[in-house]
Amino acid sequence: MLRYYHLDLLDWHRGELSSRRLNALVKHLPRDSAVARAVNGESADWSLTDYLLAAAVDQLAIANWLFTCVNSDDPPEQPEPVPRPQLPPDPAEDSMDSSAPGAPSSATASTAPPGPAELARFFG
């Protein structure tokens, strides 16, 4: 059963709602809430299942492409990966990326499957 709560943010200003409670309420909002979309962008719509399904589709396309390349005289073009939503930049990673020469840009990272750090940021 879904329950909807009315929350007046003026209660926090009046001292009737603690900062800790407000933080807990905002932190545990549903993944499709406006706050989650504002923080995570379009990646708020993607679950772990969506990322795994996109990775499976990419691997299947590569396997089919490799099979065709081996068994054909005229190899087809390499398949494009399934587009994934671009995650918002993480300030901690930006400081690490700027210190590492030759680090991949965020444009190339958006087409690669998400790594453990990206998944932790997404689901954290």
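The rules behind the values
- Residues numbered from 1 in each chain as written.
- Predicted model: local features only at pLDDT ≥ 70, side-chain atom pairs only at ≥ 80, totals over all residues.
- Heavy atoms only, no water.
- Helix = DSSP H or I, 4+ residues; strand = E, 2+ residues; numbered from the N terminus.
- Buried < 20%, exposed > 50% of the residue type's maximum accessible area, 1.4 Å probe, protein only.
- Contact = heavy atoms within 4.5 Å.
- Areas by Shrake-Rupley, 256 points an atom, 1.4 Å probe, with all protein chains shown as cover.
- Phe/Tyr/Trp six-rings, centres within 6.5 Å; stacked < 30°, edge-to-face > 60°.
- Salt bridge = Lys/Arg side-chain N within 4 Å of Asp/Glu carboxyl O.
- Patch = residues over 30% accessible without salt bridge, like charges linked within 9 Å, V, L, I, M, F, W, Y side chains within 5 Å.
- Expected span 1.5 Å × (residues − 1).
- pLDDT = per-residue confidence, 0-100.

Asker: Explanation requested: the overall build of the protein chain in the structure shown.
Answerer: Within the protein chain, the regular secondary structure consists of 7 helices and 0 strands. Reading the protein chain from its N terminus to its C terminus gives the helix and strand order α-α-α-α-α-α-α. By residue count, 13% of the 124 residues in the protein chain fall in the buried class. The contacts in the protein chain between residues at least 6 apart in sequence include a share of 57% that link residues at least 24 apart. Element-wise, carbon and sulfur atoms account for 60% of the exposed surface of the protein chain, whose accessible area totals about 9,800 Å².

Asker: Is there a simple way to explain the packing of aromatic side chains in this structure?
Answerer: Centre distance and the angle of the planes are the two values used to describe a pair of aromatic rings. This structure, assessed with the given rule, holds 1 aromatic pair. Taken together, a centroid distance of 5.0 Å and an interplanar angle of 55° make the contact between tryptophan 46 and tyrosine 51 tilted. With respect to class, tryptophan 46 is no different from tyrosine 51; both count as buried.

Asker: Is there a simple way to think about the pattern of salt bridges in this case?
Answerer: Pairing between side chains of opposite charge can happen when the charged atoms of each approach one another. All chains considered together, the criterion is met by 4 salt bridges. In this structure, the salt-bridge partner of aspartate 11 is arginine 14, at a minimum N-O distance of 2.9 Å. Pair noted here: aspartate 11 and arginine 14 are both in helix 1 (residues 10-14), with a separation of 3 residues, about one helical turn. Residue classification places aspartate 11 among the partly exposed positions, given a relative accessible area of 21%.

Asker: In this structure, what is going on with a nonpolar patch on the surface? I would like to understand it.
Answerer: Among the surface-exposed residues, Val26, Leu29, Val35 and Val39 lie close enough to one another that they form a single nonpolar patch of about 300 Å² accessible area. One can find leucine 29 in the loop between helix 2 (19-27) and helix 3 (34-40).

Asker: Would you take a moment to explain helix 4 (residues 48-70) for this structure?
Answerer: Each turn of an α-helix holds 3.6 residues, which means side chains three or four residues apart point in the same direction. The first and last C-alpha atoms of helix 4 sit 33 Å apart over 23 residues, in line with the 33 Å expected at 1.5 Å per residue. Along helix 4, the residues classified as buried are Tyr51, Ala54 and Asp58.

Asker: Which parts of the structure should I look at to understand the confidence of the model for the protein chain?
Answerer: Predicted coordinates in regions of low pLDDT should not be interpreted in detail. Across the protein chain, the average pLDDT comes to 78, with 71% of residues at 70 or higher. Taken element by element, the protein chain is modelled with least confidence in helix 6 (residues 106-109), mean pLDDT 46, and with most confidence in helix 4, mean pLDDT 93. Counted against residues more than four places away or in other chains, residues 99-109, with its pLDDT under 50, gives 3 contacts.

Asker: Sorry if this is basic, but what is going on with the side chain of aspartate 58 here?
Answerer: Relative to the assigned elements, aspartate 58 resides in helix 4. In this structure, aspartate 58 is in contact with Glu80, Pro81, Val82 and Arg84, ignoring residues within four places of it in sequence.

Asker: Sorry, what's going on with the environment of glutamate 42 here?
Answerer: Position of glutamate 42 among the secondary structure elements: in the loop between helix 3 and helix 4. In this structure the C-alpha to C-alpha distance between glutamate 42 and proline 85, which are 43 residues apart in sequence, comes to 5.9 Å. Apart from residues no more than four positions distant in its own chain, glutamate 42 is found in contact with Pro85 and Gln86.

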